Amino acid sequence: QIKYLYIHHCQKTAYYYYFYCLWLRYISFALSFYSNEVTMPLVKVFARVGMTKPIPLASLQSKLCAIWSTKPETTKLILSRVEDWTSDSFEEDCYIDIRAYGKAERTREFVLDGMTQVQKAFAEENLVANVRLETYEGERYFHVPPPKTSTK
């Protein structure tokens, strides 16, 4: 009878473990929808202080949203003017550093094609862009936006 109880206990434990794993999968899947909504592609645009060409962030943001199928509310462009950088081998006007959520559909080919489109978007604004993109895992993304203010 002890052997029976032990086998019954193991089967019961395996049964609970199976449903626990299913539950974790469901929670992870459900959270992925939420995290896709709040994750924000961050586009850092670096340009030299002395560069006189305009960098129209609003126009570029619109183009990048079209390329990556994102919304303006979740796509942030930040312009940083720098004194200098190393190596003029690319003769770029801007160095573009993008961090984006690593979705399954963002394959290497998809991302490389998107990066080429980003270069073209900058070229349409008469800017030579050196583009770098890094993806990250959603579980390692944290964001605390400022509270929304109500206008009266």
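For the structure given in this document, a descriptive report is provided here. (Residues numbered from 1 in each chain as written. Predicted model: local features only at pLDDT ≥ 70, side-chain atom pairs only at ≥ 80, totals over all residues. Heavy atoms only, no water.)

## Here's the deal with the overall build of the chain
So, step 1. Helices and strands together make up the secondary structure of the chain, namely three helices and four strands.
So, step 2. Counted from the first residue to the last, the chain has its helices and strands arranged as α-β-α-β-β-α-β.
So, step 3. Scored against the burial criterion, the 152 residues of the chain give a buried share of 28%.
So, step 4. Sequence-distant contacts in the chain: of pairs separated by 6 or more residues, those separated by 24 or more amount to 83%. (Helix = DSSP H or I, 4+ residues; strand = E, 2+ residues; numbered from the N terminus. Buried < 20%, exposed > 50% of the residue type's maximum accessible area, 1.4 Å probe, protein only. Contact = heavy atoms within 4.5 Å.)

## Some remarks on the pattern of salt bridges
So, step 1. The final tally for this structure, using the stated rule, is eight salt bridges.
So, step 2. For Asp 97, the salt bridge is made with Lys 44, and the minimal N-O distance between the two is 3.8 Å. Residue Asp 97 is located in strand E3 (residues 94-101), and its partner Lys 44 is located in strand E1 (residues 42-48); the two are separated by 53 residues in the primary sequence.
So, step 3. A salt bridge links Lys 53 to Asp 93; its shortest N-O distance comes to 2.7 Å. Taken together, the positions of Lys 53 in the loop between E1 and helix H2 (57-68) and Asp 93 in the loop between strand E2 (76-82) and E3 put the pair 40 residues apart, joining distant regions of the chain.
So, step 4. Salt bridges here are not isolated pairs; linked through shared partners, they connect Lys 44, Asp 97, Arg 99, Arg 132 and Glu 134. (Salt bridge = Lys/Arg side-chain N within 4 Å of Asp/Glu carboxyl O.)

## Let's talk about the pairing of E1
So, step 1. A one-sided burial pattern is seen for E1, the buried positions being Val 43, Val 45 and Ala 47 and the unburied ones Leu 42, Lys 44, Phe 46 and Arg 48.
So, step 2. Pairing of E1 with E3, which is carried by six bridges, proceeds in the antiparallel orientation. Each bridged residue has a counterpart across the sheet, and for Val 43 the counterpart in E3 is Ile 98. (Pairing = 2+ DSSP bridges.)

## As for H2
In an α-helix, one turn spans 3.6 residues; hence positions three or four apart end up facing the same way.
So, step 1. In this model, H2 (twelve residues) spans 16 Å end to end at C-alpha, consistent with the 16 Å of a helix rising 1.5 Å per residue.
So, step 2. For H2, the full list of buried residues reads Leu 60, Leu 64, Cys 65, Ile 67 and Trp 68. Relative to the axis of H2, the buried residues are bounded by an arc of 160° and lie together on one face. Those residues of H2 that are exposed and angled more than 90 degrees off the buried face are Ala 58 and Ala 66.
So, step 3. Against E1, E2, helix H3 (108-124) and strand E4 (129-136) lie the buried residues of H2. (Expected span 1.5 Å × (residues − 1). Arc of directions from axis to C-beta.)

These figures capture arrangement, not role.
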